[in-house]
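Residues per chain, in single letters:
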Amino acid sequence: MRFERVWAKAFGPFRDETIEFAPGMNVVHGPNEAGKSSWHAALYLGLCGMRRRRGRPAKDEQPLIDKHRPWHGDEWKVSVVVALDDGRRVEIVQDLDRRVESVATDLELGRDVSDEIMNEGSPDGARWLGLDRKSFLAVACVRQADILAILSESDSLQEHLQRAAAATEEDATAAAAIKRLRKFRSDAVGQDDGRPTKKPMAIARQRVDQARRALDDAKVRHKEFIELEMEAEAAARDAEKAERSLRTAAAAEARRQARAVEARLRQAGELMVDFPDGEPPSLGDDDRLARRVTAALREWHGLPDIPELPEGKSSEDLRQELEALPPEPEGDLLPAEEVTRAYEELTDARRRLQLHEQQRPEEPSPARRDTTAEELLALAAELDRPVPGVDPAVEEQERDLLRRLEDSKAKTSWKSPAVLVGVALAVAGVPLLLLMPPLGLVMVIAAVVLVVRGMSDRGEAERLRLFEELQQVQATAARQRSAQEEALRRKEEARARLHALGIVPESAAVRAEAERIARARRDADAYARWQEIFEQLRSRLSESQDKLAALLRARGVAVEGSPEEAFRIYSHRCEMRAAQAEAAARRVDLERQLQDRLAAEEARAEAVRRRQRAETELKEVARLCGIAGGDDDLNSFVRALEDWEEERQRELERLQELHERWARLQALLGGEESGDLHRRFRALEEEAREAAERADELAQGLDLQRVEEMAGDPDLDRTVEGLRQEANQARDRAASLRGMLEERRRDLPSVPEAEEELSQAEAELARLESLRLVLETTIEFLEQAQERIHRDVAPVLAQALRRNLPALTGGRYVEATVDPKSLRVRVKTGSGHYRDAEQLSHGTTEQVYMLLRTALADHLSRSGETCPLILDDPTAQWDRTRTEAFLDLLLQISGDRQVILFSQEEEVLAWARGNLSDPDHRLIELAVVPA
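(A) A look at the overall build of the chain. Looking only at helices and strands, one finds 25 helices and 16 strands in the chain. Counting over 931 residues, the chain shows a buried share of 40%. Of all intrachain contacts in the chain linking residues separated by at least 6 positions in sequence, the fraction that spans at least 24 positions is 74%. Accessible surface, the chain as shown: approximately 52300 Å² in total, 49% of it carbon and sulfur.

Structure below.
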């Protein structure tokens, strides 16, 4: 297929404009704003059109619509005239706005041939090439700065690659079958990864889980209901038992209360005998005198001895000595530690500086700056390194394998009958998987076996073995050539560098110069190190002087000259203050002695005054008590007062006991402090009778022995309160359990119904799992066939790359591999390592993938049709050498297919003027489109 003409009736900035193309290579050159990208898009849309669909445009079509709609008017039309390889000339008119008037017409016969290329509602000329509008854009139509976009379209090219490998028609590929099976598996089964979805498998599994949980819940709730029923019966029994225990405790409490009233009545009767005349007399009115007697005796017996004054100076003598002492000096008595340390640091810094000045080295001579010793040693090593050669035996082996591989190609056929029959069976078997699963599965498995066997027939294994062996030999030869060229290049670069430095390119001379440079650098480093240390020591000396001066000033020492001299003055003053402080230090001891003497004198005076007060008090209380005696006989006063105190204590004890019995009698009769004792006693008798009758009433119908036992419990009050709480709790719990039991009885689920639902859900899940297993087995067989096709396609694409890769990359890369699944290319370097083409420089990567597009265009085109290449400014990021090499390659390719290159580069324009001429090739120059 070749483009003869493109007509932009209304497209982007153009209206009713045309470009004519030559059958070979066409370079369309123009500056920015000349409409090159618009013409490029017009060729693509004129051939392939756009999908016809309802609603909003597809996501990948919207950028084309936004960028290339006409600037003026509503009509959007473009047409192309193409010459097919079968001799027909066809005009395709694309109505891009409404898409209802798009048509393809045979210009010789005037016949509408749109039905041959209809694709998603509109004509798609890429169908004549065995492609579609999406794959044509990925392979043959390179948009500006979009060479690597082929990688993002690798999935959409898989079916085209498999059809090309198997020579089958559309939809008769393993990829198509896998796609349909996966679609059916997704719709009819869904993923089994545990995630919640609305697919049948997930729904069935959810239904089984829900049914199982419902059954488990029903069983658990039935069990819980029975347990609750038993618990409610036990709670009722416990409540009845607690009520009886509480009644027994109440009867025991009443019995004990009756006995307590009887005991009070008996004790009150015994106490009333002691008070026939009523309340006993008071304890007396002489309590104040008794307390005074007791205090006087206690003070007399507690008098200490009068202390004697110690020997020594009097307090007056000590005061005179204190007044004669000198005052305490102000300031340091000894040089401060931090000042002394600063002085020592200053002395050490001055000594170190003097010692370092004695070690001053000579100043070095200036060193060379345009190179280094390391560089010269590396250049000398490069001059001495031998140059490796290429093994003639490897070259001979490479030529032999190339010849044998060409001979084997003539014996291999890609169009095996077994492959064709296998693909046809797969196409027929996939739909049957939906209608008749067993028969469909058998047909698909048979198809896979036939495809694998067909691909293995007719010498294919031998050709692949030769191809792999050739790859290994070529890699060895390329590594040897690359190593030789690299060694020569490095040696020549070393000589050029030495000439630039003015050094004779001989190893000995270079090494001698390197040693001289290294020696000069060492001398310079040594002097720099000395100078650095000198500055550090001088700075340290200055800092030490400043530090010592600051510390001395802080202590009031004037620093007018050398800090060392000021330090010596400071030390002498400290010695003088120390002597004065030693004399003043006696003040503390004398003050302590004076305080001790004054305290002793005051203690003796206080003891004398206390004895005099005690004697006076003894004589006074003896007079009040009616005790007579001489003033000097103090001991007789003491003995008489002690006898008086003992007699009064005995009388107090008798009255105290009588008052205590009176208080007990009042408490037993009800706590009243006044009233008739006999009336209150009769009221207590009535209370005792009523308590006994109430106790007998509460004990009716109970175990009397248990009542008596509880009545003797010392903690009966606490027991009664505990039993009351237990009874209340037991009644509440029994009532609550009865309510819960009735509520659960109403909502109790049916266990048989839950078991039936689980059985139905498990049957549906088993059916879906069986269907999933069948589909996955079929997909696995088809993927094996697909992998076999990939292994056949990979050598074909790689061989196409190797034909032009060395010339395009200047011999830097000579081998390549292609992954047909992802369309990623790996190239082999001279060192024998493979690298991803995307990791190379941007320009090299684009060159490699341009070669891949050309190879795909060859491989994917239908037999009898050649695919043109339409390129929009692919060389914008390349240097001049790469650009010219690529243009030479395109010119060579244009001998087999049409090439249309849009560019704004001046190098491309110059090359086209020197290499293109009508009628086979053409240079088309565009002007800037007026706004």
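(B) Representation of helix H1 (residues 36-48) in the model. Taking 1.5 Å per residue, 13 residues should reach 18 Å; H1 reaches 19 Å between its end C-alpha atoms and fits that length. Taking burial as the measure, the 13 residues of H1 include 12 buried ones, the bulk of the element. Considered for burial, the residues of H1 that qualify are Lys-36, Ser-38, Trp-39, His-40, Ala-41, Ala-42, Leu-43, Tyr-44, Leu-45, Gly-46, Leu-47 and Cys-48. Once H1 finishes, Gly-49 follows within two positions and takes phi at roughly 65°, a positive value.

(C) Representation of the packing of helix H24 (residues 880-893) against helix H25 (residues 906-915). The geometry of H24 relative to H25 is characterised by a closest axis approach of 10 Å and an angle of 40° between their N-to-C directions. Between H24 and H25, the angle is such that the two are oblique. Between H24 and H25 lies a crossing of right-handed hand. Where H24 approaches H25, its residues Arg-880, Thr-883, Glu-884, Leu-887, Asp-888 and Leu-891 are matched on the opposing element by Glu-907, Val-908, Trp-911 and Asn-915. Here the contact of H24 with H25 is built from residues that sort into four nonpolar, two polar and four charged.

(D) Representation of H24 in the model. Taking 1.5 Å of rise per residue, the 14 residues of H24 would be expected to cover 20 Å, and the 20 Å separating its terminal C-alpha atoms lies within 8% of that figure. Along H24, the residues classified as buried are Thr-883, Phe-886, Leu-887, Leu-889, Leu-890 and Ile-893. Summarising the axial view, the buried residues of H24 lie within an arc of 160°, below the 170-degree limit, and thus occupy one face. Every exposed residue of H24 that faces more than 90 degrees away from the buried side is listed here: Thr-881 and Gln-892.

(E) Highlighting the side chain of Arg-597. Note on placement: Arg-597 falls in helix H17 (residues 586-624). Among all residues touching Arg-597, those that are not within four sequence positions of it are Leu-309, Pro-310, Glu-311, Gly-312, Lys-313, Ser-314, Ser-315 and Leu-318.

(F) Structural detail: the packing of helix H6 (residues 200-272) against helix H21 (residues 716-747). Relative to each other, H6 and H21 sit at 155°, their axes nearing to 7 Å. Relative to H21, the element H6 is oriented roughly antiparallel. The chirality of how H6 crosses H21 is left-handed. Residue composition of the contact of H6 with H21, grouped by class: 19 nonpolar, one polar and 16 charged.

(G) Spatial organisation of unusual backbone geometry. The omega angle of the peptide bond from Asp-918 to Pro-919 is 5°, so this bond is cis rather than trans. Checked against the element boundaries, Pro-919 lands in the loop between H25 and strand S16 (922-925). Located in the positive-phi region is Glu-120, a residue other than glycine, with phi close to 55°. Take Glu-120: its relative accessible area is 46%, and that puts it in the partly exposed class.

(H) Quick peek at the sheet that holds strand S13 (residues 834-836). Judged by pairing direction, the sheet is antiparallel, and its three strands sit side by side in the order S11-S12-S13 without closing on themselves. Of all the strands in the sheet, just strand S11 (815-819) and S13 have a single pairing partner and so form its edges. On average, each strand axis in the sheet is tilted by 30° relative to the strand beside it, whichever way the strands run. As paired strands, S11 and strand S12 (residues 824-828) are joined by five bridges and run antiparallel to one another. Each residue of the ladder has a partner; that of Val-818, found in S12, is Val-825.

(I) Geometry of the state of the cysteines. Within the structure shown, the criterion is met by zero disulfides. Cys-48 provides the cysteine sulfur closest to Cys-867, a residue in no disulfide bond, and the two sulfurs are 9.3 Å apart.

(J) Geometry of the sheet that holds strand S3 (residues 25-29). Read across the open sheet, the five strands follow the order S10-S14-S15-S3-S16; overall the sheet is parallel. Two strands lie at the open edges of the sheet, namely strand S10 (141-142) and S16, each paired on one side alone. As defined by bridge partners, S3 adjoins strand S15 (residues 899-903) across five bridges and the pair is classed as parallel. In the strand pairing of S15, Asn-26 is matched with Ile-900. Those strands touched by H24 are S3, strand S14 (869-872) and S15, and its axis lies near 150° from that of S15.

Cut-offs applied
Residues numbered from 1 in each chain as written. Predicted model: local features only at pLDDT ≥ 70, side-chain atom pairs only at ≥ 80, totals over all residues. Heavy atoms only, no water. Helix = DSSP H or I, 4+ residues; strand = E, 2+ residues; numbered from the N terminus. Buried < 20%, exposed > 50% of the residue type's maximum accessible area, 1.4 Å probe, protein only. Contact = heavy atoms within 4.5 Å. Areas by Shrake-Rupley, 256 points an atom, 1.4 Å probe, with all protein chains shown as cover. Expected span 1.5 Å × (residues − 1). Axes fitted to C-alpha atoms, helices over the stretch in contact; angles between N-to-C directions. Parallel < 35°, antiparallel > 145°, perpendicular 65-115°, else oblique. Left-handed = near helix turned anticlockwise from the far one by under 90°. Nonpolar A, V, L, I, M, F, W, Y, C, P; charged D, E, K, R; others polar. Arc of directions from axis to C-beta. Pairing = 2+ DSSP bridges. Disulfide = S-S within 2.5 Å.

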